Amino acid sequence: MMVKNHRTLTCAPTNTAVVEVASRILSLLEDSSRGGSSGRKCFLSDVVLFGNEDRMSVNGNLAKIFLDSRIRRLRECLMPGSGWTQCLSSMLRLLERPLVQYDRYVEEIDNEIKEELNNKSKKIRKIEKMSFKAYFMSNYKRLENDLRYCVETFRDDLPRSTTSEGNFRCMTEVPHLLNVFQNLLLYEPDEQLQALFKSEDERYCPLFLNLVTQVHDGVSLELKEARSSCLQKLRELSDHFELPDMFDSRSIEEFLLQRAKSVLCTASSSYRLHYLQKAQTFEVLVVDEAAQLKESESLIPLQLPGVRHAVLIGDEYQLPALVKSKVARSLFVYYFYCHNVYCCYGRANLIQSHNRFVMTLTLEEASSRG
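Residues numbered from 1 in each chain as written. Predicted model: local features only at pLDDT ≥ 70, side-chain atom pairs only at ≥ 80, totals over all residues. Heavy atoms only, no water.

## Some details on unusual backbone geometry
For clarity, the threshold we go by: The helix count covers DSSP runs of H or I at least four residues long, the strand count covers runs of E at least two residues long, and both are numbered beginning at the N terminus.
With a phi close to 50°, Ser57 is a non-glycine residue in the positive phi region. Within the secondary structure, Ser57 sits in the loop between helix H2 (53-56) and helix H3 (67-78). Notably, Glu289 is not glycine yet its phi reads approximately 50°, a positive angle. You can see Glu289 is positioned in the loop between strand S4 (284-287) and helix H12 (295-302).

## Comments concerning the pattern of salt bridges
Rule in force here: Salt-bridge detection follows one rule: a side-chain nitrogen of Lys or Arg within 4 Å of a carboxyl oxygen of Asp or Glu.
For the structure on display, the rule yields 13 salt bridges. Each of Arg250, Glu253, Glu254 and Arg272 takes part in salt bridges that share partners, so that together they form one network.

## Focus on the side chain of Arg7
Filter applied, for reference: Burial classes: relative accessible area under 20% of the type maximum marks a residue as buried, over 50% as exposed, and values in between as partly exposed (1.4 Å probe, protein chains only). Positive: Lys, Arg. Negative: Asp, Glu. His and the chain ends are not part of the count. Contacts are assigned to residue pairs with any non-hydrogen atoms lying within 4.5 Å of each other.
Note on placement: Arg7 falls in the segment before strand S1 (8-12). With no salt bridge to any partner, buried Arg7 finds its closest opposite charge in Glu283, at an N-O distance of 8.3 Å. In this structure Arg7 touches Leu257, Gln258, Arg259, Ala260, Lys261, Gln280, Thr281, Phe282, Glu283 and Val284, once residues within four positions along its chain are discounted.

## Concerning the confidence of the model for the protein chain
Test applied: The pLDDT value tells you how sure the predictor is about a given residue, anywhere from 0 up to 100.
Residues with a pLDDT of 70 or more make up 74% of the protein chain, whose mean pLDDT is 80. A low-confidence stretch, residues 200-216 stays under pLDDT 50, and its non-local contacts, those more than four residues away or across chains, total 20 contacts.

## Description of the packing of helix H4 (residues 84-96) against helix H6 (residues 132-157)
The condition that has to hold: Orientation is described by lines fitted to C-alpha atoms, with helices fitted over the stretch in contact, and by angles between N-to-C directions that extend from 0 to 180 degrees. Two helices that cross are described as forming a left-handed crossing if the nearer one is turned anticlockwise from the farther one by less than a right angle, and a right-handed crossing if clockwise. We call Asp, Glu, Lys and Arg charged. Ala, Val, Leu, Ile, Met, Phe, Trp, Tyr, Cys and Pro are nonpolar, and the rest, Gly among them, are polar.
It is at 9 Å that the axes of H4 and H6 come closest, and there the two elements cross at 145°. In this structure, the crossing between H4 and H6 has a hand that is left-handed. Packed against H4, whose contacting residues are Trp84, Cys87, Leu88, Ser90, Met91, Leu94 and Leu95, the element H6 presents Phe136, Asn139, Tyr140, Leu143, Glu144, Asp146, Leu147, Cys150, Val151 and Phe154 at the interface. Among the residues forming the contact of H4 with H6, the class breakdown is 13 nonpolar, 2 polar and 2 charged.

This is the structure we're talking about:
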């Protein structure tokens with residue numbers, strides 16, 4: 001259904017049954033990402049599993065698609081003071097003008113040393129001043145790790161409809177480019193590293209000028225090209241990759257549920273989907289272990305607006321759910337008759353396979369019978 005771009009809601013009576021279905025879908029997604037049998041590629045961000053985290057016993061693998069875990073990861077990367085935007089701008093400043101930052105750092109250290117010498121107390125704190133290379137590498141590694149975490153989070157958790165495919169492709173190339181540049185820096189002495197950043201801005205320095213200046217500053221062309229590639233991708237993301245303005249958990253939850261192609265939950269938990277604003281409707285409803293689902297409980301997902309097809313899967317010889325309340329049993333009929341709305345079950349097909357039934361229904365909501 002995801003490959004054909006049909007928005008699907010998958011329900012089951014219990015948390016255990018939902019987790020089982022989610023595990024199978026996750027396995028299919030991982031197979032697709034490795035170039036499996038699917039013609040079109042599906043993404044982890046297309047699938048959302050939500051419910052009670054403790055009762056579902058969400059493990060490390062299922063946490064990739066579990067809603068609450070996804071919200072925590074995205075919220076960390078979307079925060080304005082410490083998330084993606086801050087890390088991206090900090091890395092750009094570091095690669096463009098690190099000598100300015102280093103001069104400011106040296107000035108602060110010199111002031112601390114003077115204050116320490118003027119301190120009349122017997123205990124004098126030893127202050128060490130880092131070299132330019134040590135200062136640059138410490139900041140670079142920290143920012144690279146932060147950017148890598150944000151890229152991995154956006155790749156797996158951010159819906160692809162958020163931005164263009166080109167922006168996603170550009171974003172996924174950044175960690176590799178930053179890693180290549182870091183490996184080249186390890187073998188450069190402090191003097192040549194400073195000479196690299198003393199050259200003109202890469203945006204206005206053509207390649208042939210780099211060839212000329214290489215003779216004078218001793219910096220390898222490979223290192224200059226690696227820095228230029230990093231700056232080009234980072235500037236492109238800074239100019240074109242716009243993230244939605246959402247910082248609280250509630251707004252992120254609505255954003256994810258509105259754009260997910262496949263949502264999994266228990267039938268009773270699907271009531272949360274009725275409150276979504278401006279969300280694309282679900283075309284297909286799939287109910288696993290349908291024989292265990294109470295009629296009144298099945299109304300919750302069936303009442304979602306826009307559902308056109310329902311697939312009920314279960315074992316016809318399995319003991320049904322026990323309902324003692326006559327009121328509860330009558331709710332299913334109450335919905336169709338007391339609300340003057342009925343569903344025409346057109347093209348109802350019953351398929352029996354391995355002692356399980358699969359019933360497909362086409363739902364057409366009709367107007368009041370007056």
